Structures are given as C-alpha cells and as structure tokens.
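What the coordinates show
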Amino acid sequence: MNIRGNDPLRQKLASEYVLGTLKGGARRRFEGWLYNDADLRNITAEWRQRLEPMAEFATPVAPPKRVWQQIEQRLHLTPQGGWTRWRESVSFWRSLGLASSAIAALLVIVLSTQLVNAPQISHVATLMDEKSQTALLLTADSRHDTLEVRMVGNAPVPADRDLELWAVPKSGNPRSLGLLADKGSVKLALSERAIGGDVALLAVTLEPRGGSPDPNGPTGPILYKGNWVRL
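Heads up: these notes are all about the structure in this document. (Residues numbered from 1 in each chain as written. Predicted model: local features only at pLDDT ≥ 70, side-chain atom pairs only at ≥ 80, totals over all residues. Heavy atoms only, no water.)

Points about the overall build of the protein chain
Looking only at helices and strands, one finds seven helices and nine strands in the protein chain. The buried share among the 231 residues of the protein chain stands at 31%. Within the protein chain, residue pairs in contact and separated by at least 24 positions form 58% of the contacts whose partners lie at least 6 positions apart. Surface exposure of the protein chain reaches about 15,000 Å², of which carbon and sulfur atoms provide 55%. (Helix = DSSP H or I, 4+ residues; strand = E, 2+ residues; numbered from the N terminus. Buried < 20%, exposed > 50% of the residue type's maximum accessible area, 1.4 Å probe, protein only. Contact = heavy atoms within 4.5 Å. Areas by Shrake-Rupley, 256 points an atom, 1.4 Å probe, with all protein chains shown as cover.)

Focus on the nonpolar core
Judged by nonpolar contacts, the single largest core of 26 residues is most densely connected at L136, L138, L147 and L165. Listing elements by their share of this core, those giving two or more residues are β1 (121-128), β2 (134-141), β3 (146-151), β4 (161-169), β5 (175-180), β6 (185-189), α7 (192-195) and β7 (199-208). In this structure L165 touches L127, L138, L147, V149, R175, S176, L177, G178, L180, L188, A203 and V204, once residues within four positions along its chain are discounted. If you look at the next biggest cluster of nonpolar residues, it comprises 14 residues, including A14, F30, W47 and V229. (Core = buried A, V, L, I, M, F, W, Y, C linked by side-chain atoms within 4.5 Å.)

Description of the environment of D162
Position of D162 relative to the elements: it lies in strand β4. D162 sits in the buried class, given a relative accessible area of 12%. Taking the C-alpha atoms as reference, D162 lies 5.2 Å from R209; in sequence the two are 47 residues apart. In contact with D162, other than residues within four places in its own chain, are V157, L179, T205, L206, E207, P208, R209, G210 and G211.

Re the pairing of β1
Most of β1 sits inside the fold, with seven of its eight residues counted as buried. Strand direction decides the pairing type here: β1 and β2, joined by seven bridges, are antiparallel. Looking at β2, one finds that H123 is bridged to A140. From the end of β1 to the start of β2, which pair antiparallel, there are five residues, and S132 there has a positive phi angle of about 60°. (Pairing = 2+ DSSP bridges.)

With respect to the packing of helix α1 (residues 7-19) against helix α3 (residues 38-51)
Contact pair α1 / α3: the axes reach a minimum separation of 9 Å and the direction vectors enclose 50°. Classified by the angle between their axes, α1 and α3 sit oblique to one another. Considering only the axes of α1 and α3, their crossing is right-handed. Residues D7, R10, Q11, A14, S15, Y17, V18 and L19 of α1 touch α3, and the partners they reach there are D39, L40, I43, T44, W47, R48 and L51. Taken together, the residues of the contact of α1 with α3 sort by class into eight nonpolar, three polar and four charged. (Axes fitted to C-alpha atoms, helices over the stretch in contact; angles between N-to-C directions. Parallel < 35°, antiparallel > 145°, perpendicular 65-115°, else oblique. Left-handed = near helix turned anticlockwise from the far one by under 90°. Nonpolar A, V, L, I, M, F, W, Y, C, P; charged D, E, K, R; others polar.)

Topic: the pattern of salt bridges
Within the structure shown, the criterion is met by nine salt bridges. When the shortest N-O distance is used, the salt bridge between D37 and R4 registers 3.6 Å. On the criterion of sequence distance, the pair formed by D37 in the loop between α2 (24-36) and α3 and R4 in the segment before α1 is long-range, its members being 33 residues apart. Exposure remark for D37: the relative accessible area of 5% places this residue in the buried category. What makes R4 exposed here is its relative accessible area of 52%. One salt bridge in this structure joins R10 and D37, with 3.0 Å as the shortest N-O distance. Here the residue R10 occupies a position in helix α1, and D37 occupies one in the loop between α2 and α3, the gap between them amounting to 27 residues. Through salt bridges that share partners, R4, R10, D37 and D39 make up one connected network. (Salt bridge = Lys/Arg side-chain N within 4 Å of Asp/Glu carboxyl O.)

Description of the side chain of S15
Its location among the elements puts S15 in helix α1. Setting aside chain neighbours within four positions, we find S15 in contact with W47, L51 and V229.

A closer look at α3
With 14 residues, α3 should cover 20 Å at 1.5 Å per step; its first-to-last C-alpha distance of 20 Å lies within 8% of that length. Those residues of α3 that fall on the buried side of the exposure criterion are L40, I43, T44, W47 and L51. Along the axis of α3, the buried residues cluster in a sector spanning 95°; they form a single face. Against the buried residues of α3 lie α1, α2, β1 and β9 (228-230). Where α3 starts, the residue carrying a side-chain oxygen 3.2 Å from the main-chain nitrogen of D39 turns out to be D37. (Expected span 1.5 Å × (residues − 1). Arc of directions from axis to C-beta. Polar contact = N/O pair within 3.5 Å; in protein donor to acceptor, adjacent residues only side chain to side chain.)

In structure tokens, the structure reads:
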C-alpha cells in the first residue's frame, strides 16, 4: 500500500497509532513507513501533541491480584516459611478450592458491574487556540449519552461572559451544545446534534452571560476549534 499523497488516510493512521487502536501487522507496517517518511513523522507528532494531554485525566487502575499471581507462576516464585507445609495438607487444598470458587464468583460480579458502568468512549476531540495549543479535551460517552469537556489549564473569562460550545454542520446554522466552565470539566448531554455525520467542526465562542442571544448561532469571537476523531 502506498499512502503518500493520501492525506486523509495518513491523518487517520497517525491518529490511530497515537491512540493505540492501530494494532498487529498494521501497526508494524506504519512504524516502517515512519522510518522513511519525515512528513508522516511530523503528522504523528502533531497527533501525539493533541491526544497525549488526555492521559493527565486518566484514573489510575490497580491491577487485580490474579496479575501478580500469574507473574509468580511464570517466574516460578515459591512462598517462604510455613506455606510449604500447608501446601501438603489436603484440608488446605479443599479450603482453598472453596475460597477460590467464592472469589471467582465475586470477581465475575464485580467485573460485570464495572463493565456495565464503564464509559464507552466513541469520539474524542482536541480544541485548539489560534496558536495551535490544546485548550480543551472532549470525550463522547455513547453508553451514558454524556459529553465531557475538560479545560486544559485555566482560561479566565470575564464575569459578564460565558464560553459556549457549538457543533458547526456542513450546511445550516451552528448548533449550541451548552455552556462551559472556564476551568475543570463539565458534562453535557450527548446527542446526534453533537456527533452526527454532518458535523464539520467544533468551536467555542465567547458569549454574553447565559449564552448567545441569537437563536441562529454565536455572536462572539471563536476562541477554540477542532474536529472529532471517531474511535
């Protein structure tokens, strides 16, 4: 496959490479292209600059005990002291079997609950300022129908003004998705208004307190803009 001159495909592959969704042979092939393609390396670096700030908001997850148990088994690590004696006891193995069954059942319940409640991120976006610096990170959770907007750093807003997020379609008037905080994060309702196939651009404008007074679109200047990346 020759991807030179195919900018949309190059952008797509670079974003998937940085996100980690490009796997197996496709990932190795892309890394081979990177070696001989300076422009592709620049595109990948730009996507890394856009997406890596999202890692700051990732919640640390402690590995389950079974991970450490598997490491011990692969390294042939043996417990010290009285464990050797207890391993030789039939009653110990019987008790261990009952306990393991109970733990396994509990683990299934816990993991099932976590999977049901875990967000299902379908889209991400980074909105940048006029200097191409990342200002906002957006994630669309299709499982819970929520759109989370996180401000990277602080963007002071005058007391009589608000930040308003817009979905700009390929044709027609921009659609307001809601007002934003000038720091931290805010969650908005997610609908096709925000991630529909007709959305060409996301933009944030500076509006009067309470949002744009014009029902047909924004009235203030555009501060940040960017595009969705579908996962």
